Amino acid sequence: MVASGNYIVENAHIVPVAGEPFDGSLVVTEGKIAKLGPKAKAPRGHERIDAEGCWLLPGFIDAHVHLGVHEEGEGWAGADFNEKTDPVTAAVRALDAINPVEVGFDDALAGGVTTVNVNPGSANPIGGLTVAIKTHGAVVDEMVLRSPSGLKAALGENPKRVYGEQNKTPSTRLGTALTLRKAFAEARKWADKPADERPADLVSEALIQVLNREIPWRQHCHRADDIATAIRIADEFGYELVLDHGTEAYKLADRLAERGIPVLCGPLIVARSKVEVRDRTPRGPGILAKAGVKVSIITDHPVVPIDFLIHQAALAVKEGLDPAEALRAITINPAEVLGVADRVGSLEQGKDADLVLWEGDPLDTRNRALRTWIEGREVLRFDTEARVPVVAERW
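So, a few notes on the structure that sits alongside this text. What you see as residue numbers is a count from 1 along each chain, following the sequence as written. Totals for whole chains, interfaces and linings use all residues, but because this is a predicted model, local features are given only for residues with pLDDT of at least 70 and pairs of side-chain atoms are given and counted only at 80 or more. By convention in this description, side-chain values take in all heavy atoms of the structure and omit both hydrogens and water.

Turning our eyes to something else, we now look at the overall build of the protein. Secondary structure summary: the protein contains 10 helices and 17 strands in total. Two things to know: the radius of gyration comes from C-alpha atoms, and the globule rule equals 2.2 Å times the number of residues to the power 0.38. Computed over C-alpha atoms, the radius of gyration of the protein comes to 21 Å, within 12% of the 21 Å expected from 2.2 N^0.38 for 395 residues, which places it in the range of a compact globule. A principal-axis box enclosing the C-alpha atoms of the protein has dimensions of 65 × 45 × 40 Å. Relative to its full complement of 395 residues, the protein shows a buried share of 55%. Taking all contacts inside the protein whose residues are at least 6 apart in sequence as the whole, residues at least 24 apart take part in 66%. A helix here means a DSSP run of H or I that spans at least four residues, while a strand means a run of E at least two residues long, and both kinds are numbered starting from the N terminus. When a residue's accessible area, from a 1.4 Å probe over protein chains only, is under 20% of the maximum for its type it is buried; when over 50% it is exposed; and in between it is partly exposed. Contact criterion: two residues are considered in contact whenever any of their non-hydrogen atoms come within 4.5 Å of each other.

Shown next as structure tokens:
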């Protein structure tokens, strides 16, 4: 594998996302994209990589996963995503529970996913702080792009069921809304105060970041009525709202577009496992995008395996989403939602060299990722003889 951060990928079909595709070259210098174009040339000393006409794209971004905090095949031992002991756990951090060597990270690289946003679960009305990380490394602190990148909350069936079974608030949708309002009302009393005048209250500190629009409120919700509640509470407290899942968001597409509320759609390849997802449809992303909503596609890994992110995008295209918009939905759109678009999400000069070389159009699910780079370092190469992806050592 190429260990150097200085090379040129030549003879590639380049899909920058930020502009029109072209045939040409891309130059990487010290882990950053130095230049790209039909006639881009590399400085002396750069290694030459012949793409042989394959497609070069930015690494994909999945803006809603439980990668590393809900480990596959580990049962209870690997389930560190729901701190159910209190309905309001705004101060817990997904960062503190991520196992960076979980097998799902290898799957991510094989699927061309180089950035993820790791969320706490949806058992709690307020679940905790999310973190945006790269998908290769040995110590999670060294993989971080943005921390915190949002505050996770949940409406609908999940908190209602979890706390209803405990015979405590919230056991209804109205109780969940009350829980959110009470937490924000308490935090709002201190939002305008200097940090040294605030009480030592980690929950309020996390909520103040939302009230001051330093990080977005990541609202888990499926049904249209829950989405309306999410909008209503956001209007009351004035924070930046992002809808996670948005199963029935297509029913409110015009309203969401008018307010500029982005939707992270997914998972798309699932059964109708509960009442609030019975109206789920893979047509949703296309309907939202046509209305002018900024759409991202998510797996909710491990609900849908993370390497199926591109398969979900392809399914959305089959059901009406424009192909170019489908690629934006797994690159630049989630990068913007996560606040990391200055570094990832498209192939542009100065951005991180997070690159994936595909056999062909990745929306044709017969094509696979041949090579994956993160910040210029090759972290995966597909062994064409053994027919298996090989991941670089993490240490």
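Further remarks concern the packing of aromatic side chains. Between rings of Phe, Tyr and Trp, where Trp is taken as its six-membered ring, a pair exists when centres lie within 6.5 Å; planes separated by under 30 degrees are stacked, by over 60 edge-to-face, and by other angles tilted. All told, the structure shown has six aromatic pairs when counted by the stated rule. Members of the aromatic cluster, connected to one another through ring pairs, are F184, W217, F237 and Y239.

So, about the environment of A313. With respect to the secondary-structure elements, A313 resides in helix α8 (residues 309-318). Using a relative accessible area of 0% as the deciding quantity, one classes A313 as buried. Residues A313 and A326, spaced 13 residues apart in sequence, show a C-alpha to C-alpha distance of 5.6 Å. For A313, the contacting residues outside a window of four places in its chain are I297, A326, I330 and L363.

Turning to the packing of helix α3 (residues 173-188) against helix α5 (residues 224-237), a few remarks are in order. Between N-to-C directions, angles span 0 to 180 degrees; the directions come from axes that are lines fitted to C-alpha atoms, helices contributing only their stretch in contact. With their axes 11 Å apart at the nearest point, α3 and α5 run at an angle of 20° to one another. As the angle between them shows, α3 and α5 are arranged roughly parallel. In the crossing of α3 with α5, the sense of the turn from one axis to the other is right-handed. Seen from α3, the contacting residues are R173, A177, L180, R181, F184, A185 and R188; seen from α5, they are D225, D226, T229, R232, I233, E236 and F237. Polarity classes work like this: nonpolar for Ala, Val, Leu, Ile, Met, Phe, Trp, Tyr, Cys and Pro, charged for Asp, Glu, Lys and Arg, and polar for all others, with Gly in that last group. Residue composition of the contact of α3 with α5, by class: six nonpolar, one polar and seven charged. We call two directions roughly parallel when the angle between them is under 35 degrees, roughly antiparallel when it is over 145, roughly perpendicular when it lies between 65 and 115, and oblique otherwise. Crossings are assigned a handedness: left-handed for a near helix turned anticlockwise from the far helix by less than a right angle, right-handed for a clockwise turn.

Take the side chain of S346 next. Mapped onto the fold, S346 is located in the loop between α10 (332-338) and β14 (355-358). Classification of S346 as buried rests on a relative accessible area of 3%. In the analysis that follows, any N or O atom pair within 3.5 Å is treated as a polar contact, provided that within protein one partner can donate a hydrogen and the other can accept it, and provided that, for residues neighboring in sequence, both atoms belong to side chains. A distance of 2.5 Å separates the side chain of S346 from the side chain of E348, its partner in a polar contact. Polar contacts involving the side chain of S346 include one to the side chain of K351, which spans 2.6 Å. For S346, the contacting residues outside a window of four places in its chain are P16, V17, A18, I33, P58, I332 and K351.

With that out of the way, let us pick up the sheet that holds strand β9 (residues 144-154). A pair of strands is considered paired only if DSSP assigns at least 2 bridges between the two. With mixed pairing, the eight strands of this open sheet are ordered in space as β6-β7-β8-β9-β10-β11-β12-β13. The two strands at the open ends of the sheet, each matched to only one other strand, are β6 (60-65) and β13 (295-297). On average, each strand axis in the sheet is tilted by 25° relative to the strand beside it, whichever way the strands run. The pairing of strand β11 (residues 241-245) with strand β12 (residues 263-265) spans three bridges and is parallel. Paired with L243 across the strands is V263, a residue of β12. Relative to strand β10 (residues 217-221), α3 is tilted by about 170°, and along the sheet it contacts β8 (126-134), β9 and β10.

Within the span of helix α7 (residues 284-291), buried status applies to G284, P285, G286 and L288. In this fold, the buried residues of α7 make contact with α6 (253-259), β12, β13 and α8.

The geometry of α3 relative to helix α4 (residues 202-211) is characterised by a closest axis approach of 9 Å and an angle of 85° between their N-to-C directions. In terms of orientation, α3 and α4 fall into the roughly perpendicular class. Counting all contacts with α3, which are made through A183, F184, E186, A187 and R188, the residues of α4 involved are S204, L207, I208, V210 and L211. Looking at the contact of α3 with α4 residue by residue, the classes come out as seven nonpolar, one polar and two charged.

Another point: the pairing of strand β16 (residues 377-383). Two elements, strand β15 (residues 369-374) and β16, share four bridges in a ladder whose sense is antiparallel. In the sheet register, R371 faces β16, and the bridge partner there is R381. Where β15 folds back on β16, the antiparallel hairpin that results is connected by two residues, among which E375 adopts a positive phi of roughly 50°. For β16 and strand β17 (residues 388-391), the ladder comprises four bridges, and the chain directions are antiparallel. Paired with R381 across the two strands is V390, which belongs to β17.

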